[in-house]
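Chain by chain, the residues run as shown.
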Amino acid sequence: MYGRLDRSLRALEETFGIGASLRGNRILIQGEEGAVQRAERFIRELRELDTDGYYISPEDMGHILRAIKHKPPDEFSASLKRYFSNIIPVLSKKRFIVPRSETQRRYIEAIKNYDMVIGIGPAGTGKTYLAMAMAINALMRKQVSRIILARPAVEAGEKLGFLPGDIYEKVNPYLRPLYDALFDMMDADKAHRLIEKGIIEIAPLAFMRGRTLNDSFIILDEAQNTTSEQMKMYLTRLGFNSKTVITGDITQVDLPPGKTSGLIESQQILKGIEGLCFVYFSQQDVVRHRLVQEIIKAYEKFESSRRKDQER
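Each chain carries its own residue numbering, running from 1 in the direction its sequence is written. This being a predicted model, a pLDDT of at least 70 is required before a residue's local features are given, and a value of 80 or more before pairs of side-chain atoms are given or counted; all residues contribute to the totals for chains, interfaces and linings. The side-chain quantities take in all heavy atoms of the structure and omit both hydrogens and water.

A.B. asks: Would you take a moment to explain the overall build of the protein for this structure?
C.D. replies: In terms of regular secondary structure, the protein is built from 11 helices and 10 strands. Any two residues whose heavy atoms approach within 4.5 Å are treated as being in contact. A sequence separation of at least 24 residues applies to 67% of the contacts in the protein between residues at least 6 apart. Each accessible area is a Shrake-Rupley estimate made with a 1.4 Å probe; only the visible protein chains count as cover when residues are assessed. Counting only carbon and sulfur atoms, one obtains 50% of the accessible surface of the protein, whose full area is about 17300 Å². Strands here mean DSSP runs of E at least two residues long; helices mean DSSP runs of H or I at least four residues long; both are numbered from the N terminus.

Here it is, written out as structure tokens:
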């Protein structure tokens, strides 16, 4: 509860509009009666919570408080239980990955309950990271026999031939973010062994053509850079006992002019299909540096203003 340099208490103060200080093993709360009661209720509920061995960091505390900030006190207990019921065990020193916003919690729930989930939103909202955690967890639990991670190498384009090495070495820089997320969830040596055995496969989207993917957890990252044809090809690869998560940011499409984004188009085409779930993230869900959230907000404001000018 106390956290390093009392950061958890400072988050508590900011959320409930109270003053909080430590007196030995006690927390002293001061402020208006209603605010004090809300803070006290939250602390009591937190003490009763079984986190299954997970250590709640000051960062987690801040995210939890933001998630329950506007909920009535009698919902604190249910909200906290929902939050921690979506902790994801992984094979790294972190041991657990936790949702850091209400949308992230719903995203994890959707991945558990649907065979196809499409996560759309700005950079830094945890779309790929949480999908990777769920994939590692599914492999740990033997729910699937392999993980396949795909990404369109759109940026390579005409420049691909000028890069040194064979095809794998040429596209490797465009797949690097998937490796980074993987190594954050799993010991690097173990990850490399699983890649060598083919249990984890990281490949450009083009390598998916003609395959049927059974007993797999498949992640398609940066899906905003798929064409209509590529998206249709990918969606029809799903086999038996398989699950797929598709992620992308429809505000950052790198396709050539005149090419329609398969991810943008899919929102209309796939709407209403049973067993498929769309989850939308916003700049409020950004869990990177505070400046990232402000930058996304500034760009959204600029682009909205530019659209209005073009309509006039």
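A.B. asks: I tried to follow the side chain of D249 on my own but got confused; where do I start?
C.D. replies: For D249, the position within the fold is in the loop between β9 (243–248) and α10 (262–269). Put simply, D249 is tucked away with no salt bridge, and the nearest opposite charge, on K127, sits 5.9 Å away. Excluding its chain neighbours within four sequence positions, the residues that come into contact with D249 are G121, P122, A123, Q224 and L263. Summary of the burial criterion: residues with accessible area below 20% of their type's maximum are buried, those above 50% are exposed, and those between are partly exposed, where the area comes from a 1.4 Å probe applied to protein chains only. Neither His nor the chain ends contribute to the count of charged residues, in which Lys and Arg are positive and Asp and Glu negative. By definition, a salt bridge exists where a carboxyl oxygen of Asp or Glu is found within 4 Å of a side-chain nitrogen of Lys or Arg.

A.B. asks: What exactly am I supposed to notice about the pattern of salt bridges here?
C.D. replies: When charged atoms on two side chains of opposite charge get close, those side chains can pair. On inspection of all chains with the given rule, the structure shows eight salt bridges. The salt bridge partner of R105 is E109, with a shortest N-O separation of 3.9 Å. Of the two residues, R105 and E109 are both situated in helix α5 (residues 102–113); the distance of four residues between them amounts to about one turn of the helix. The exposure class assigned to E109 is partly exposed, which follows from its relative accessible area of 27%. Across the pair R211 and E201 runs a salt bridge, and its minimum N-O distance is 2.8 Å.

A.B. asks: In this structure, what is going on with the side chain of R105? I would like to understand it.
C.D. replies: On the accessibility criterion, R105 (9% relative accessible area) is buried. Within the structure, R105 has its side chain in polar contact with the side chain of E102 (distance 2.6 Å). In contact with R105, other than residues within four places in its own chain, are R82, Y83, N86 and P99. Here a polar contact is recorded for every N or O atom pair within 3.5 Å, except that within protein the pair must consist of a potential hydrogen donor and a potential acceptor, and residues adjacent in sequence are included only if both atoms are side-chain atoms.

A.B. asks: I would appreciate a short explanation of a nonpolar patch on the surface in the present structure.
C.D. replies: Each patch is built from salt-bridge-free residues with over 30% relative accessible area, joining like charges within 9 Å and nonpolar side chains (Val, Leu, Ile, Met, Phe, Trp, Tyr) within 5 Å. Together, I250, V253 and I264 make up a nonpolar patch on the protein surface, roughly 190 Å² of accessible area in all. Tracing the chain through its elements places V253 in the loop between β9 and α10.

A.B. asks: What is the right way to look at the sheet that holds β9 in this model?
C.D. replies: What links the strands of a sheet is backbone hydrogen bonding, and the strands pair in either a parallel or an antiparallel sense. A strand pair is defined by DSSP finding two or more bridges across the two strands. Across the sheet, which stays open at both edges, the six strands sit in the order β7-β6-β8-β9-β5-β10 with parallel pairing between neighbours. Looking at strand neighbours, the two that pair on one side only are β7 (200–204) and β10 (276–280), the edges of this open sheet. Each adjacent strand pair in this sheet contributes to an overall mean axis angle of 15°, direction not counted. Both strand β8 (residues 216–220) and β9 contribute to a ladder of four bridges, which runs parallel. Its bridge partner being in β9, L220 is matched across the sheet by I246. Here an axis means a line fitted to C-alpha atoms, over the contact stretch when the element is a helix, while the angle between two N-to-C directions is reported on a 0 to 180 degree scale. This element, helix α9 (residues 228–235), spans β5 (116–120), β8 and β9 of the sheet and lies at about 160° to β9.

A.B. asks: Before we go on, may I ask you to explain the pairing of β9 in this structure?
C.D. replies: On a regular strand, each side chain points to the face opposite its neighbour's, so the side chains alternate between the two faces of the sheet. Of all six residues making up β9, six are buried, and the element is well covered by its neighbours. Residues K243, V245 and T247 point to one face of β9 and T244, I246 and G248 to the other, with burial holding for every one of them. Where β5 meets β9, five bridges bridge the pair, whose relative direction is parallel. In the sheet register, V117 faces β9, and the bridge partner there is V245.

A.B. asks: Looking at this structure, I do not really get a positive patch on the surface. What am I missing?
C.D. replies: Where a charge lies is defined by one atom per residue type, namely NZ (Lys), CZ (Arg), CG (Asp) and CD (Glu). A surface patch of like charges, here positive, comprises K142, K190, R193 and K197. As for its placement among the helices and strands, K197 is situated in helix α8 (residues 188–197). With a relative accessible area of 64%, K197 lands in the exposed category.

A.B. asks: What's the story with the packing of helix α1 (residues 7–16) against helix α3 (residues 58–68) in this structure? I'm lost.
C.D. replies: Look at α1 against α3: their axes get within 9 Å of each other, and the N-to-C directions meet at 15°. It follows from the interaxial angle that α1 and α3 lie roughly parallel. Considering how the two elements wind past one another, α1 and α3 form a crossing that is right-handed. Between α1 and α3, the residues in contact are R7, S8, A11, L12, T15 and F16 and P58, E59, M61, G62, L65 and I68, respectively. Residue composition of the contact of α1 with α3, by class: seven nonpolar, three polar and two charged. Should an angle lie under 35 degrees it is considered roughly parallel, over 145 roughly antiparallel, and from 65 to 115 roughly perpendicular; all remaining angles are considered oblique. Crossings are sorted by hand: turned counterclockwise from the far helix by less than a right angle, the near helix makes the crossing left-handed, and turned clockwise it makes it right-handed. Only Asp, Glu, Lys and Arg are considered charged, only Ala, Val, Leu, Ile, Met, Phe, Trp, Tyr, Cys and Pro nonpolar, and every remaining residue, Gly among them, polar.

A.B. asks: Help me understand the packing of aromatic side chains in this model?
C.D. replies: Any aromatic ring pair is given by two values, namely how distant the centres are and how the planes are angled relative to each other. Only the six-membered ring of Trp is used, alongside the rings of Phe and Tyr, when aromatic pairs are assigned; centres must lie within 6.5 Å, and planes under 30 degrees apart are stacked while those over 60 apart are edge-to-face, with the rest tilted. Per the stated rule, a full pass over the model turns up six aromatic pairs. A ring pair is formed by F16 and F42, whose centres lie 6.0 Å apart and whose planes are at 50°; its orientation type is tilted. With F16 in helix α1 and F42 in helix α2 (residues 33–48), this pair connects stretches of sequence that are 26 residues apart. Arranged with centres 6.1 Å apart and planes meeting at 40°, the rings of Y179 and F183 form a pair that is tilted. Here Y179 pairs with F183, and both are found in helix α7 (residues 167–185), just four residues apart, close to one helical turn. Classification of Y179 by relative accessible area gives buried; the value is 14%. Members of the aromatic cluster, connected to one another through ring pairs, are F16, F42 and F76.

The quantities given are spatial measurements derived from coordinates; they are silent on function.
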